[in-house]
Each structure stands twice: as C-alpha cells, then as structure tokens.
Amino acid sequence: MAVAPRLFGGLCFRFRDQNPEVAVEGRLPISHSCVGCRGERTAMATVAANPAAAAAAVAVAVAEDRQPQREELPGLDSQWRQIENGESGRERPLRAGESWFLVEKHWYKQWEAYVQGGDQDSSTFPGCINNAALFQDEINWRLKEGLVEGEDYVLLPAAAWHYLVSWYGLEHGQPPIERKVIELPNIQKVEVYPVELLLVRHNDLGKSHTVQFSHTDSIGLVLRTARERFLVEPQEDTRLWAKNSEGSLDRLYDTHITVLDAALETGQLIIMETRKKDGTWPSAQLHVMNNNMSEEDEDFKGQPGICGLTNLGNTCFMNSALQCLSNVPQLTEYFLNNCYLEELNFRNPLGMKGEIAEAYADLVKQAWSGHHRSIVPHVFKNKVGHFASQFLGYQQHDSQELLSFLLDGLHEDLNRVKKKEYVELCDAAGRPDQEVAQEAWQNHKRRNDSVIVDTFHGLFKSTLVCPDCGNVSVTFDPFCYLSVPLPISHKRVLEVFFIPMDPRRKPEQHRLVVPKKGKISDLCVALSKHTGISPERMMVADVFSHRFYKLYQLEEPLSSILDRDDIFVYEVSGRIEAIEGSREDIVVPVYLRERTPARDYNNSYYGLMLFGHPLLVSVPRDRFTWEGLYNVLMYRLSRYVTKPNSDDEDDGDEKEDDEEDKDDVPGPSTGGSLRDPEPEQAGPSSGVTNRCPFLLDNCLGTSQWPPRRRRKQLFTLQTVNSNGTSDRTTSPEEVHAQPYIAIDWEPEMKKRYYDEVEAEGYVKHDCVGYVMKKAPVRLQECIELFTTVETLEKENPWYCPSCKQHQLATKKLDLWMLPEILIIHLKRFSYTKFSREKLDTLVEFPIRDLDFSEFVIQPQNESNPELYKYDLIAVSNHYGGMRDGHYTTFACNKDSGQWHYFDDNSVSPVNENQIESKAAYVLFYQRQDVARRLLSPAGSSGAPASPACSSPPSSEFMDVN
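Residues numbered from 1 in each chain as written. Predicted model: local features only at pLDDT ≥ 70, side-chain atom pairs only at ≥ 80, totals over all residues. Heavy atoms only, no water.

1. A closer look at the pairing of strand β22 (residues 567-571)
Taken residue by residue, a regular strand's side chains alternate between the two faces of the sheet.
Here's step 1: Most of β22 sits inside the fold, with five of its five residues counted as buried.
Here's step 2: Neither face of β22 is exposed, since I567, V569 and E571 on one face and F568 and Y570 on the opposite face are all buried.
Here's step 3: By the bridge criterion, four bridges tie strand β18 (residues 491-499) to β22 in an arrangement that is parallel. Counterpart to F497 in the pairing with β22 is F568. (Buried < 20%, exposed > 50% of the residue type's maximum accessible area, 1.4 Å probe, protein only. Helix = DSSP H or I, 4+ residues; strand = E, 2+ residues; numbered from the N terminus. Pairing = 2+ DSSP bridges.)

2. Some words on the pairing of strand β41 (residues 869-880)
Here's step 1: Relative to β41, strand β40 (residues 850-851) is paired through two bridges, and the arrangement is antiparallel. When the bridges of β41 are listed, L850 appears paired with Y870.
Here's step 2: Taken together, the seven bridges between β41 and strand β45 (residues 920-927) define a ladder with antiparallel strand orientation. Each residue of the ladder has a partner; that of N877, found in β45, is A920.

3. Re the environment of L850
Here's step 1: Inspection of the secondary structure assignment puts L850 in strand β40.
Here's step 2: Take L850: its relative accessible area is 0%, and that puts it in the buried class.
Here's step 3: With 22 residues separating them in the primary sequence, L850 and L872 have C-alpha atoms 8.2 Å apart.
Here's step 4: Discounting residues that sit within four places of it in the chain, L850 has contacts with L779, Q780, I824, Y868, K869, Y870 and Y925. (Contact = heavy atoms within 4.5 Å.)

4. Observations concerning the pattern of salt bridges
Here's step 1: Following the criterion strictly, the structure yields 40 salt bridges and no others.
Here's step 2: Ionic pairing is found between D814 and K812, a salt bridge with its closest N-O pair at 2.5 Å.
Here's step 3: The buried category is assigned to D814, whose relative accessible area is 10%.
Here's step 4: Overall, K812 belongs to the partly exposed group, its relative accessible area being 27%. (Salt bridge = Lys/Arg side-chain N within 4 Å of Asp/Glu carboxyl O.)

5. Focus: helix α5 (residues 219-229)
Here's step 1: Residues of α5 that are buried include every one of I219, G220, V222, L223, T225, A226 and R227, and no others.
Here's step 2: Buried residues along α5 sit against β8 (195-201), β9 (204-213), β10 (238-243) and β12 (269-274).
Here's step 3: Looking one or two residues past α5, L231 carries a phi angle of roughly 55°, positive in sign.

6. Regarding the sheet that holds strand β20 (residues 538-544)
Here's step 1: Spatially, six strands are ordered β21-β20-β22-β18-β19-β30 in an open sheet, and the strand pairing comes out mixed. Two strands bound the open sheet, and with one partner strand each, they are β21 (547-551) and β30 (763-764).
Here's step 2: In the sheet, β20 pairs with β22 via five bridges, with the strands oriented antiparallel. Paired with D542 across the two strands is I567, which belongs to β22.
Here's step 3: Sheet contacts for helix α15 (residues 520-531): β18, β19 (508-515), β20 and β22; angle to β19, the most-contacted strand, approximately 130°. (Axes fitted to C-alpha atoms, helices over the stretch in contact; angles between N-to-C directions.)

Pasting the structure below:
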C-alpha cells in the first residue's frame, strides 16, 4: 500500500522496495526536482514532451471534434485491479526510459472513493481527469513549484493512465503530464521536475533561451541544443561555461558527463563561446599577444602553419618541439577537425584531465588559422609547468625531454581506454617471434589506444643473453622514438700550459690529442713529443684561483680532467715526496702573495692576497735553507723580477731601520699578531700531498724568513697550507706537514721590481692551431650502432630467471614494427662520471627515401616497399654547448610542401640543402605510404589517418604496422 510521502527541504522522493506494501521515504540532493521512486533501482529521465505543445495538440483535437472516445466502464473491482495492481498498475516496478503520468491527488482520491464504494451510479463519480491544480498557468502549462507526491499528485504508469483517460477522459485543453523514468546509481526515479537552463551566447548575454533538460542528459546534448538555437555553423568551434552561485564561470570540459554530474540547476546561466577566426577564444587572456600585435596584424592573412612562437625566456626548447609536432600532418588534422573532442579522457589517473590536449589544440588552431605572424604560448607553458614541475620557471631545458613529456601527456589525455586492465608481460619462452610480437602489441593496445599510439608508436625486439648459463630472454616492447648513439671518437683534445725550468723561456700553450680513457702519463707523453722534455720530468697540476686545486699522479685517469680546467704542466728535476737518503732535488709548491691594507675594528693588521700563477720549484738538497731557497726563487723569477742594485738595497735598509725603531711592527711569523684572512676561496685540494718531504725545523730552522733586523730582501718567505694561508692556531706538528711556501711581497716592492705583464706572458706552440677533424657519419651508421650487441653496465644488471641472480648480460635491440611518424633522437649529449660534452659531429641524413628495410627483422611485404621508406618532415636543431645553447626548427609545411626555418617568432623559407647541419638534434620522418594516403582524394578531404576520423587501415597494413 502507498504511504504518504514526507516533505524534506521542499523536495519529495518516494522509494519502494520489491514489496509493493512497503514504502520508504527520503530525499536526494537535486534542486527543484521531485520524483517518485520504486525498487532498489533509480534514475532521472528525459523531460516529457513539451507541455504547451501537448496542450495545443489536445486543443486541435477538440476543435476537430476528435475527442478521444471513451470506452465502456468496466466493473469497479476490475478498474481497481487494473489501476492499482498487476503489471499495468501503480505497484509495478520502475523501468528506465518508460513514461509515467501525474494525476492530481484530489481527483484520484475521488476516483478511489468511487470504485471502493461499489456503486457505479454513486454521486462520487469523479468525472474527467482534471490536473488544473497542478499547473502554474494555463498558457505555458508549467507545473507549480514544490509539488509533493501523495499530497498533490500520484504517479501512474502509461498503461494505467491510458485506462483512466479512456474511461473518464481528460479535461479539455489540458496536456497530459508525462515524465520519464531515469536511472541513477542503484536507484530509478520518475523525473517530475527537469532542469531548466538559460542558454546565452558570449557576445549577446541579454538574449537567452530557456530549455528543459533531463538530469541524465549529457553536456554534449546541451552544447548541441545551444548550437541549434543560435544557428552556429558546423565548422565553428564552441564550448560551454556555467555561471556558478558566486558569479564566476566554470568551464564544462567533459561533454560526456550528465547534467546531474555537472551539478547544473534550474535557472543556471549557460554561456556558449565561439572560437574566433584566428583560432583564439574570446575568453582567453591573450593580453600579451594583443599588446605585441600591431594594427596591421589584426587583418593579417597568411599561410596556415607559417607562424612563429614568442620566446618567453629560455623557452626556445619548447618552441622547437612544438613546431616539429605541429608539422606532423595527420596529428595536426586530427586537432583541426576536432576529432580530439570525442576522445578526451578526463578520468585517466595517468593523464592531465584533458588540459594538455586542449591547450595543445588551441595552440595548433591558432598557428594554422593563418591570422597570426606569431603567437605567445603563455597558456600552454603554464599548463606544462603545472603538470611537470621540472619545466616550471624559465630555465633552459632539452627539446627532446619536452617532446617526450608532451607525447606522453597527449596520449594519456586522449587514451580511448577508459579503464586500464592488468596485463601480465610474458617472455617468448621459445615461441615464434611473430606470435610473441602480435601478443605484445595487442597487450599494449589493451591499455594504450590513442592517436599518439596510432601515429608514433612502434615495436622493437629485445634479446638478453645470460653470460653464465646462456639463458636467452626475448621480449617485444613498444617505443615512441629512437634514441640513437653517435659514433664517439676515442680521442680528446686538451689545452695545457707548459712551464719550463729555464727562467728565460716563457710558458707555452699546447693543444694535445690524448686518449679519452687514458692516464695522466699519456698526457705527459703527448707533451713530451712537442717539448722534447722527458715525461718523467713533468708534474701535472690543476690551477684554480692562484692555488693548486689538485696535483695529479701519473696513474690517475684523464677523465678526471674537465674541459674547463686550467691544466699546468711543470718541468721538474725531482719529486715532492722525497725518499730518505736520496740525492734527488726536492720539488716545492710556491704561492705568490701581496700584503694589502685591510681594516678591522682597530685598524691594526694587514691582509695577504694571492696573485699570479703558482710554481713548482726544484731545490737541490744541499741548498735547502731559507737563504738557498731565496736564491733559487730569485733565479726562477728572474724573467719578470728585477734584481735590485746596491743603492736600492741601502735605501731599503735605512728605511727599514727607521720604521723598526719607531713602530716595532712584528714580522710575518706564525707567533706574531699577523692575521691571514682568506679573501679568495678555492675548492678542496684533495690531490695535494699532505706529508712534508722535509722537516722545516731541521732544514730551515724557522717557519718564516728573513729573520728580523737584517739586510732587506725583495720579499719574505713563509710556510703556508694548501690554501695559501697560515693559521695561527696550527700546531707545530701540522706546521711540519705543510709542504707549501709563500712569497710575500710588500706593495711598494712589488710595484718596483715585479713586472706583471711579463709574468703573465706566454707563447703559443704551433699545435694550438690544430683542430681535430671529425669525419661526418651517416644516419644509417647511428641506427646500426643502436642495434649492436652491448653488455649491460654494473649499475643496471639483469636478473636471470635461470641463474636466480643479477647478471651483466648482453643486450641487443632490433626493430620489428615501424610507426607512421618515426622520431629519431640523436644522442649528442654525452655524460660520464667526470665530464659532460656535446658531440658536434655532422650526421648526414637523407631528406627523402630513408630506407629501413635492412633494419626491420619482421618478415617484410616485398610488394609494398613504401612501408619501410621515410621522408623527412621536421628537424629540431640545437646550437651551442652544454651550458648554454639555442633551439630552432626546420619544418615542411603540409599544405605547400615548402620548408621553413622557425627561430622563435621569426619564420623564413629555406632550401632543402640548408637543412643538414651539425646542429640537427631530433629528426621527424613520415612513412611514404602514409604521405601518399594523406595526399589521396580521401586523405585530402581533411580527415586525418586516425580511427577517430577515418576508417582503419586494412588488416595487411596492420600486420606490418
């Protein structure tokens, strides 16, 4: 039996379980809609026929005297059974999509009293069905707000309604109130109140159309209705915005969701926006572009696709990748023809909620509108940074890395697979390659199916062989691009400065060709060929900030020397680490320092600044005293230090005596008040020997020289540490371990006797003009190198399922299936533990007829050689080195076939012979059969080669690719 429903927030819902005698009342959060519900299933269906139109139809029927003829009334008991019980009665369960009708409660109660009274001639006869109390007016026949089932009306299925109308008739002029059963999760409902939306255009907000929609109608239906109401041309792009309660606008991105899921309410304003001819949206904040456009640009009409991209600050890498991708014909047609709209995947957890795809689509439509000389990709840049934090800010990045992210983001945003299933990867296990490859590709397509897969994905075969047990593992893996290595030279060029022992000779700059994996001894051997000095008489040092950053041992690898290091090679006649009892000379590291005034709170000390290049001086053992060391250093510095005459020395003695008598300033000893700040900092001198080869207290007697009150010298000597400073807190044991000597100059003496220009002078050896020529390589050689057997590195071992342990297996990659667009990434940037370098080798690549038939191991279709031949369509270039550089693009326009050079916002036509250069970094090739298909009448109609917009290729073609 029916239970009177309960009002809740002005809405009334009736829920019934399978037992028609039990009713449960409740409320769903749906504004301005009242529905009656039965069973455990529910839903909200389409709006009934337009009430006004139905009323008009009834009026016409009356005017033509075609009032529906009433059937003879059956017995009262029979009426009760047919209306209340049975398959056609009120107690039947709701079914999605069927029609139910509203009957005014007062009339229905009268009918109940009549049939239950048992007297067909009773005065309680209800008469014609009259729903006037349910209508707000009798013109538009809109229902009153807040009607409640059980209090204001009852719901009848279509059969019961037609029975009553045939028996009693319907009040003249009134339309039947028909409503649909709609389905929501786990429940079905009769939608009494549809959603009334106000549709307006962005450029005419004052003119609105009120249209009713069911809660289960899609946003796509709302968009189609708006386009019909506003007579939008089929080729025009439109999108919807909803004005929320706060007055702001929300984009209705997903056209597949329902009105209920979008939380649209009756009376809500829906704005339809139409894309402008230049590819931009009126709502887009393009003030940057507008500020940069001159008046003549407003009416500019150029060739589609010939459009630059503004550099936002180190974004040339992004511009280059976008220009390459924009000139992929089938992908651009896919976006220009709006095929992407039906494939946007807003619920993919691996995607970007469709935002990357929409941002890229907007960019393509602007670039190919023909209305821009250049555009500002500010919105796209922000979207990329939002979803990939590594691209935030304005640092320089790699165009290939951005391209990889963009292809993956577009794929996930456009993935036709809405729910990815788990797929177990299987090894070949001895099965035929054809079978394993087909299985791998099908498994890949079960989880990944998009225009990106259709266009860019191929398949290669990976073979791993265990070196111990010989177990062979074969798998087939998809790829989106090929990163091919460049043949690397085993030689490198190093620039060094050679410092001879002969003080009359200036330092020499040499350019040496050494093995990349060689040792320091190899550098000395190469230098020996230029100088004639034996490698045993050389010591190699890295000089940084006037200090020795590192003293190299002969067995150390050359890879530890970076290209930016300042390498000095000294001729010596001994060694730093003296052997006890040996008569060899002792090599002493020597720094140059200048005493400069420096202030603190009491103006009481001087500072010492390093200058010039440090020296490695060979000192005979029998002269290893302070006096002897001074004389040796005077000899080594004689080329740029002038020896004072007797008059200069006398003047100096007299001045010194006077100053010492007056001020008694302490000398530069470790025990005085001297403070040695470190105005310049160097890195760690980890390569410097920290053991002194001689005992300073035994050999030199003190840590500073000359002693106080004796004849003045040009400079003083002092023991220092590897940084060139003397720490007053250093213990005597640590002082004894300091193998460094500092030459300290007074400013006046340095100015008078030290020739800085001569000290910094050097000569260039003839080898400095040598440039190691790099022979060009063919692209085919790089691909061969890609498919060459290699041994895995220690950092990346393979777990052998047979041995049950990690092994350094051999690995070989082979191409099995090639994509429509083949992206080849030339690995120009080389990274090692100690160095990074860019390979500027010229790679010779063909513009047309790149033949891959020799590299594809899948059984080939000899009747169709175009399946393995490619033509170049775009190149991403990189100019410069590792730290800085610039990206540009060569691209072939899909419409004209003309090549253009894209350098940020500058675009200029070029000839094909200008494309090949040392800067080529990423190559885009199009398969010839695809190009022919796009140029055919079917392809030239504008439909891209995608399942979304055209019929799939033949099975024979699919077998190959």
